[in-house]
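Here is how the chains run, residue by residue.
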Amino acid sequence: MNQTLMLKPIQHVFILFFLFTHLVVPAQDFNQIKAELFPQTHTINIQQELVYTNRSLDTLNEIWLYDWNNAYVDKTTPLAKRFAEEFNKSIHLARPQQRGYTEIISLTDPNYGFLKWKRLDVQDIIKVQLNYPIYPGKSYRLKLSYKVKLPSAEFTGYGFNEFNDYRLRYWYIVPGIYDEKWMPYSNKNLNDLNQLVKEISIEMTLPTSYEIISDLDVASTTTKGDKRTILLEGRNRGQVNLNITRTNEFKTIRTNDLDLITNLQSNDTLEVNDILSAQRIFAFLEDRLGEYPHQKIMVSEQEYQRSPNYGINQLPSFLRPFPDSFQYDLKLFKIATQTYLDNTLFIDDRKEHWVKEGIQIYLMMAYINNYYPDMKLLGKLSKIWGIRSYHFAQMDFNDQYPLLYMLTARNYTDQPLSTPRDSLIKFNERIANRYKSGVGLAYLNSYLGNHYIDRKVKEFYHLYAQKNSSATDFKNLLTEEAPKDISWYFDSYVRSEDKIDYKITNFHKTEDSVYVNIKNKRGTKAPITLFGMDRKDSILFKTWYSGIDERKRVKVPRENLKRLVLNYDRIIPEINERDNWKSVDGFLSTDRKLKFQFFKDFEDPYYNQIFYVPVFSFNIYDGVTAGLRFYNKTFLAKPFIYDLKPSFAFGESTLVGSGTFQYRDYVEHGNMYQIDYYLYGSSFHYAHGLRYSTITPSITFKFRNNDLRSNERELLNVRFVNVIRDESPTIDSDPDYSVFNVRYAYGNNGIIDFRSWFVDLQVASEFSKIAFNWEFRKLFPSNRQLNLRFFAGKFIYNQTNSDFFSFALDRPTDYMFDYDYLGRSEDSGIFSQQLIISEGGFKSKLSTPFANDWIVTTNASMNVWRWIELYGDVGMIKNKYHDARFVYDSGIRLNLVTDYFELYFPIYSNNGWEIAQPQYDEKIRFIVTLSPKTLIGLFTRKWF
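What you are looking at is a predicted structure, and each value in this text was computed from that prediction instead of being measured.

Caption draft 1: Region of interest: the nonpolar core. In this structure, Ile359, Leu530 and Leu564 are the most contacted members of the largest nonpolar core, which totals 93 residues. Those residues in contact with Leu530, other than ones at most four positions away along the chain, are Ile504, Ile518, Phe541, Lys542, Thr543, Tyr545, Val554, Val556, Leu564, Val565 and Leu566. Ile33, Leu150, Ile177 and Ile244 belong to the second largest nonpolar core, which has 54 residues in total.

Here it is in structure tokens:
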């Protein structure tokens, strides 16, 4: 017993000695990969040894590994779900041979053999249970053997393409990120995994017909038979991208001490211009950042296509208004800067992406100012007669950055810069937040003066290049020597979506001074500039004011002063610039000039803009109507909008038209985010010689959850529809009536799963009714789509003498004039065949098409091949003094574009075999949507 007791301390000492000498010895991160590519199966067999260093203060008993290639394995992964959220169903419908996956053969500790591991539910993260803990500052060595089946490049641009060439990114397993806990970062097509590895070695074996293009150093190349083995090495690297191809499209450009490897497409026929561009760009980056630590840098066309210079320079080449040299220069600068930063600064790109994105855009703006100071937003188009008078033609090229940020800020879909990248809506992730971050640095640089941000960006690069860093490091560096307080920048500009908005409320003149009252309209404590302008619009003074809580009274000199302007140089991303100036000399001291302009323009803060365009519409009573549309809506949203469309109806030889006045009130905090006040009026004809007019005031409350990426929306609409009609001999009802209408609606508009419902209450003098509508769509992996709809309606009371206000089985009478009927009063002919899915939703015309008591119907359809579907409708309708009646129909639906262009061919219904009956062509129904606004929604929904 005593011997046993004596042995235990010795055993403990031995175990601890072995632990510290074999498992947790200090070491640098190391990643060694031996891989062999098999093009026939698009697979890579990998033997990998990696060393993970615990840089936290915690003791770790497990390691998480990121296996992002396995994100393509099925339709349940975060990658597949993100695609669906952005209305991309490619992964959901992918064939097995298109998918990617990783098959783990073994995962071992070199000293203790096999380790226990499991995949988390997200599929692309592996949790490994360790035999012994990793203490702070110590390392652990793992060995892995696995097979990677590469995905098709159709999804994200990475994998194999139709030519059996390969673009590899996130193709091997890497340790996870630990920040007080293991971060559950899945592959979401964001390219935001870029961890620092001190040493990396890749020994790739592949057929001799292939070659590897990489910015790693080639240590050796050996050939044996029909296979070639290439050894690539690198130090202080992040994620390694490889291009494996049989046709090398890349060229190498020597720039000072750096080799640029690129296949970036250029329309310039002179290669020397590409060389000069590369030399200029890398000299600029070295001056503004510091020396690039590697010998080679790879910039590819494919990377540019993932993150292009959004805007007018994305037009087809024959339409682009910029010189070829400028386009290439900008393409190369954007991706070269991104690669430069990614390969040197190692920050958590999911949580703190705004740091590198801000530096990139800030440098891009500086590069434009240096080398293209006169470049306009429209390029050479800005000089063309008829275009040059527009405000957007007069804007500088760099004005696009605050402008595109304002696109979401004005719609209150902007998100804080500190929002994790995977929580951003696509427009913010790809465009708006990057631009806001870059514009914010330019704002700081102007506020602090003396090129302060220029110096600090360079210092940050010098201190943290090839090291792990964080946004806190960047913040500390900016604030420690700042000549002014910039805490507002991080509190309001970075961590919140607070808007900046100031106005000059009034002023008071004395003999030699002007006292100006400046109001902070939103309470965001960001500094603002006040400019004084003379009669020739020359700047007399520029003064910064900060710390304005609500109001501030300031004194400025009066001599030669004509106009006071806030933010005249527009360096501050202010949400509203329309109230930024006051004339101190003249009769119109508060009014802006009126400007009529053809077509829409960007907002010019110094004018009241009224736009006009011709408009055309058609219905069979008014015929072709032509008119002018007068409106004040610019490309950026504004609170108050009017839209007037006076027109002439050639079919009736009279004036018709419509008009809307809308005020939009945004609620910045809470689930109710918007209140819309409307006043709508219209006057057209509902039958030959019979006019109708409507006046409808309404208010709409809109709701959403805190996740802007969610497609869930709710609204409550309250309106009072007033209709004034010429009396019709065929409609037995009062020609003039009013309907009070309340509707609560819910929608979750997804491309895989679609759900919506609403409850609708209508109250009028002669009737009151309530209705419920529910819709559901489901897209299955087989590409079968099921569509279901349920409708139920009941009159609370009904004192009408006709079916004009009744529930309709197949063609609502539309007594509130909500629908775009081409011939609303027709009961025969092609225009009577127009179908609008509402109320009963039937497609066949049955002998009892209305219900003046209650109605219950269900509509269903499912596709059998692509856009060809089978549909069926069943229901019960009840009219007063009659028994309830069972109704049904069925047929074929050509679902060309859902809700926008569809054809219905009835087959069997209560009418019998309709397909065998005479005049079958008159039974075919169609849905057509001509509204450009509605059709544009098909393309914008994936961005917002």
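Caption draft 2: Expanded view of helix α3 (residues 271-288). Relative to the 26 Å expected for 18 residues at 1.5 Å per residue, α3 spans 26 Å between its end C-alpha atoms, a close match to the ideal helical length. Against the buried residues of α3 lie β17 (251-255), β18 (258-262), β19 (296-299), α5 (324-342), α6 (354-371) and α10 (452-464). Looking at the residues trailing α3, positive phi occurs at Gly290, about 150°.

Caption draft 3: Local environment of the pairing of strand β38 (residues 753-763). On β38, burial follows the alternation: Phe754, Ser756, Phe758, Asp760 and Gln762 on one face are buried, whereas Asp753, Arg755, Trp757, Val759, Leu761 and Val763 on the facing-out side are not. Relative to β38, strand β37 (residues 737-749) runs antiparallel, the two sharing 10 bridges. Its bridge partner lying in β38, Phe740 is registered against Val763. Where β37 folds back onto β38 in an antiparallel hairpin, the turn is made up of 3 residues. As paired elements, β38 and strand β39 (residues 767-779) share 11 bridges and run antiparallel to each other. Its bridge partner lying in β39, Trp757 is registered against Trp774. The loop that links β38 with its antiparallel partner β39 comprises 3 residues.

Caption draft 4: Main features of the packing of aromatic side chains. By the definition in use, this model includes 71 aromatic pairs. Pairing Phe326 with Phe397 gives two aromatic rings, centres 5.2 Å apart and planes at 90°, and the pair type is edge-to-face. Linking Phe326 in helix α5 with Phe397 in the loop between α7 (391-394) and α8 (400-409), this pair joins segments that are 71 residues apart in sequence. Phe326 gets classed as buried once you look at its relative accessible area, which sits at 2%. Among the residues examined, Phe397 registers a relative accessible area of 1% and is labelled buried. With a centroid separation of 5.1 Å and an interplanar angle of 75°, the aromatic rings of Phe804 and Phe805 are classed as edge-to-face. Taking the relative accessible area as the measure of exposure, Phe804 reaches 10% and is therefore buried. Through pairs of rings, three or more aromatic residues link up here, namely Phe284, Phe322, Phe326, Phe333, Tyr367, Tyr371, Tyr372 and Phe397. Taking NZ or CZ as reference, Arg563 lies 5.5 Å from the ring centre of Trp581, over its face. The ring centre of Phe758 lies 3.8 Å from the NZ or CZ of Arg743, which sits over that ring.

Caption draft 5: Layout of unusual backbone geometry. Backbone geometry places Tyr881, a non-glycine residue, at a positive phi of 70°. Even without being glycine, Gln919 reaches a positive phi, approximately 50°. Counting through the fold element by element, Gln919 comes out in the loop between β47 (912-913) and β48 (925-928). On the accessibility criterion, Gln919 (51% relative accessible area) is exposed.

Caption draft 6: Summary view of the sheet that holds strand β15 (residues 227-237). If you trace the 8 strands from one edge of the open sheet to the other, you get β5-β4-β8-β2-β1-β12-β15-β14, paired in mixed fashion. Whereas interior strands pair on both sides, the edge strands pair on one side only; in this sheet they are β5 (113-114) and β14 (217-224). The pairing of strand β4 (residues 101-109) with strand β8 (residues 139-149) spans 7 bridges and is classified as antiparallel. Across the sheet, Leu107 pairs through a bridge with Leu144, a residue of β8.

Caption draft 7: Just the pattern of salt bridges, in detail. A complete count under the given rule lists 57 salt bridges for this structure. A salt bridge links Asp192 to Arg350; the shortest N-O distance between them is 2.6 Å. With a gap of 158 residues between them, Asp192 in the loop between β11 (174-175) and β12 (197-207) and Arg350 in the loop between β20 (345-346) and α6 connect regions that are remote in the sequence. Arg350 carries the same exposure label as Asp192, and that label is buried. The salt bridge involving Glu603 is made with Lys638; its shortest N-O contact spans 4.0 Å. Taken as a pair, Glu603 in the loop between β29 (593-598) and β30 (607-619) and Lys638 in the loop between β31 (623-631) and β32 (640-649) lie far apart in primary sequence, 35 residues in all. The same class applies to Glu603 and to Lys638, which are both buried. Each of Glu357, Arg421, Glu429, Arg430 and Arg434 takes part in one network of salt bridges that share partners.

Caption draft 8: Inspection of a nonpolar patch on the surface at higher detail. On the surface, a nonpolar cluster with roughly 710 Å² of combined accessible area is contributed by Phe720, Phe740, Val759, Val763, Ile770, Phe772, Trp774, Ile796 and Tyr797. Where the nonpolar patch is concerned, the elements lending two or more residues are β38, β39 and β40 (785-798). Looking at the nonpolar patch, the element that brings in the most residues is β39, giving 3 residues. Looking at where Phe772 falls in the secondary structure, it is placed in strand β39.

Caption draft 9: Representation of the packing of helix α9 (residues 426-448) against α10. At their nearest, the axes of α9 and α10 sit 7 Å apart, and the two run at 120° to each other. The orientation of α9 relative to α10 falls into the category oblique. Residues Leu441, Leu444, Asn445 and Leu448 of α9 form the contact with α10, whose participating residues are Tyr452, Ile453 and Asp454. Split by residue class, the contact of α9 with α10 holds 5 nonpolar, 1 polar and 1 charged.

Caption draft 10: Spotlight on the packing of α6 against α9. Taken N-terminus to C-terminus, the directions of α6 and α9 make an angle of 65°; their axes are 7 Å apart at the nearest point. Relative to α9, α6 is oriented roughly perpendicular. As α6 packs across α9, the resulting crossing turns out to be right-handed. Of the residues in α9, those touching α6 at Trp354, Glu357, Gly358, Ile359, Gln360, Ile361, Tyr362 and Met365 are Arg434, Tyr435, Ser437, Gly438, Val439, Leu441, Ala442 and Asn445. By residue class, the composition of the contact of α6 with α9 is 9 nonpolar, 5 polar and 2 charged.

Cut-off values and rules
Residues numbered from 1 in each chain as written. Predicted model: local features only at pLDDT ≥ 70, side-chain atom pairs only at ≥ 80, totals over all residues. Heavy atoms only, no water. Core = buried A, V, L, I, M, F, W, Y, C linked by side-chain atoms within 4.5 Å. Buried < 20%, exposed > 50% of the residue type's maximum accessible area, 1.4 Å probe, protein only. Contact = heavy atoms within 4.5 Å. Helix = DSSP H or I, 4+ residues; strand = E, 2+ residues; numbered from the N terminus. Expected span 1.5 Å × (residues − 1). Pairing = 2+ DSSP bridges. Phe/Tyr/Trp six-rings, centres within 6.5 Å; stacked < 30°, edge-to-face > 60°. Lys NZ or Arg CZ within 6 Å of the ring centre and 35° of its normal. Salt bridge = Lys/Arg side-chain N within 4 Å of Asp/Glu carboxyl O. Patch = residues over 30% accessible without salt bridge, like charges linked within 9 Å, V, L, I, M, F, W, Y side chains within 5 Å. Areas by Shrake-Rupley, 256 points an atom, 1.4 Å probe, with all protein chains shown as cover. Axes fitted to C-alpha atoms, helices over the stretch in contact; angles between N-to-C directions. Parallel < 35°, antiparallel > 145°, perpendicular 65-115°, else oblique. Nonpolar A, V, L, I, M, F, W, Y, C, P; charged D, E, K, R; others polar. Left-handed = near helix turned anticlockwise from the far one by under 90°.

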